[in-house]
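Residues per chain are reported as follows:
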Amino acid sequence: RPLLFYRNMPGNSTMYPLEKAEQESAMRAGGDARREALCDRLYGETETVAVEVQTFAQAIEAVESVASTGTIALLKVDVEGAELEVLQGVGAGWWQRIERVVVEVHDVANRRHDVDSLLRKEAGFAEVAWGQSEGANGLSNWLVFARRRRARA
């Protein structure tokens, strides 16, 4: 699949470049010359590269030591727009082995609702909480925290 690689901010590289337009626009707001120059540098040098995509289940099963240990204490997902696809690729057999999840969600096309529904219904998390991502500056970036209900002693 094509990935838009940002040379000067590789952590923001994405398979959903149209969603980055919202982020770039918010960063450029105000017309500040220094901000404009920063955006030009950050967003200016890009390259589209082909990448292999695997589901969570495929990737984790390839790591035999993790696959055989039992539980996963925390699954942290920050994949610049592909969060729903990643969560859908976890697979039913893995959800019960994951104790906690933290996901950055870009709320485009009702994705926040879809992620919430998946975590509660398909993954079976009893506790799901949302918070606006720090520094979101008007963007629809959210953090979701999910955990299994703790057993009573």
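Structure first, text after, so check above.
Below is a summary of the structure that appears in this document. Since the model is a prediction, treat every value here as computed from it, not as a measurement.

Quick word on the packing of helix α1 (residues 17-28) against helix α2 (residues 33-44)
For step 1, the next point in the chain: Contact geometry for α1 and α2: axes closest at 9 Å, N-to-C directions at 155°. The angle between α1 and α2 places the two elements in the roughly antiparallel class. Facing Lys20, Gln23, Glu24, Ala26, Met27 and Arg28 of α1, the residues of α2 in contact are Arg35, Glu36, Leu38, Cys39, Asp40, Leu42 and Tyr43.
For step 2, the next point in the chain: A class-by-class count of the residues in the contact of α1 with α2 yields 6 nonpolar, 1 polar and 6 charged.

Notes on the pairing of strand β4 (residues 100-106)
For step 1, the next point in the chain: Counting buried positions along β4 yields 6 of 7 residues, so the element is predominantly enclosed.
For step 2, the next point in the chain: Relative to β4, strand β3 (residues 75-77) runs parallel, the two being bridged by 3 bridges. By the bridge assignment, Lys76 is partnered in β4 with Val102.
For step 3, the next point in the chain: Alignment of β4 against strand β6 (residues 141-147), held across 7 bridges, turns out to be antiparallel. In the sheet register, Val101 faces β6, and the bridge partner there is Ala146.

Some thoughts on the environment of Arg120
For step 1, the next point in the chain: Looking at the secondary structure, you find Arg120 in helix α7 (residues 111-122).
For step 2, the next point in the chain: Setting aside residues up to four positions removed in sequence, Arg120 forms contacts with Phe125, Ala126 and Val128.
For step 3, the next point in the chain: Reaching out from Arg120, the side chain makes a polar contact with the side chain of Asp116 at a distance of 2.7 Å.

Side note on the pattern of salt bridges
For step 1, the next point in the chain: The full count for this structure, using the stated rule, is 11 salt bridges.
For step 2, the next point in the chain: Between Glu47 and Arg7 there is a salt bridge, with the nearest N and O atoms lying 2.5 Å from each other. Note that Glu47 is positioned in strand β2 (residues 46-50) and Arg7 in the loop between β1 (2-6) and α1, a separation of 40 residues in sequence.
For step 3, the next point in the chain: Its salt-bridge partner being Arg111, residue Glu83 comes within 3.0 Å of it at the nearest N-O pair. You can see Glu83 sitting in helix α5 (residues 83-88) and its partner Arg111 sitting in helix α7, a full 28 residues away along the chain. The residues Glu83 and Arg111 share a single accessibility class, namely buried.
For step 4, the next point in the chain: A network of salt bridges, in which partner residues are shared, links Glu24, Arg28, Glu36 and Asp40.

What about the sheet that holds β6?
For step 1, the next point in the chain: If you trace the 4 strands from one edge of the open sheet to the other, you get β3-β4-β6-β5, paired in mixed fashion. Both outer strands of the open sheet, β3 and β5 (127-132), are each paired with one neighbouring strand and no more. Across the sheet, the mean angle from the axis of one strand to that of its neighbour is 15°, orientation sign disregarded.
For step 2, the next point in the chain: Lying on the sheet, α7 is in contact with β4, β5 and β6; it crosses β5 at an angle near 155°.

Calculation notes
- Residues numbered from 1 in each chain as written.
- Predicted model: local features only at pLDDT ≥ 70, side-chain atom pairs only at ≥ 80, totals over all residues.
- Heavy atoms only, no water.
- Axes fitted to C-alpha atoms, helices over the stretch in contact; angles between N-to-C directions.
- Helix = DSSP H or I, 4+ residues; strand = E, 2+ residues; numbered from the N terminus.
- Parallel < 35°, antiparallel > 145°, perpendicular 65-115°, else oblique.
- Contact = heavy atoms within 4.5 Å.
- Nonpolar A, V, L, I, M, F, W, Y, C, P; charged D, E, K, R; others polar.
- Buried < 20%, exposed > 50% of the residue type's maximum accessible area, 1.4 Å probe, protein only.
- Pairing = 2+ DSSP bridges.
- Polar contact = N/O pair within 3.5 Å; in protein donor to acceptor, adjacent residues only side chain to side chain.
- Salt bridge = Lys/Arg side-chain N within 4 Å of Asp/Glu carboxyl O.

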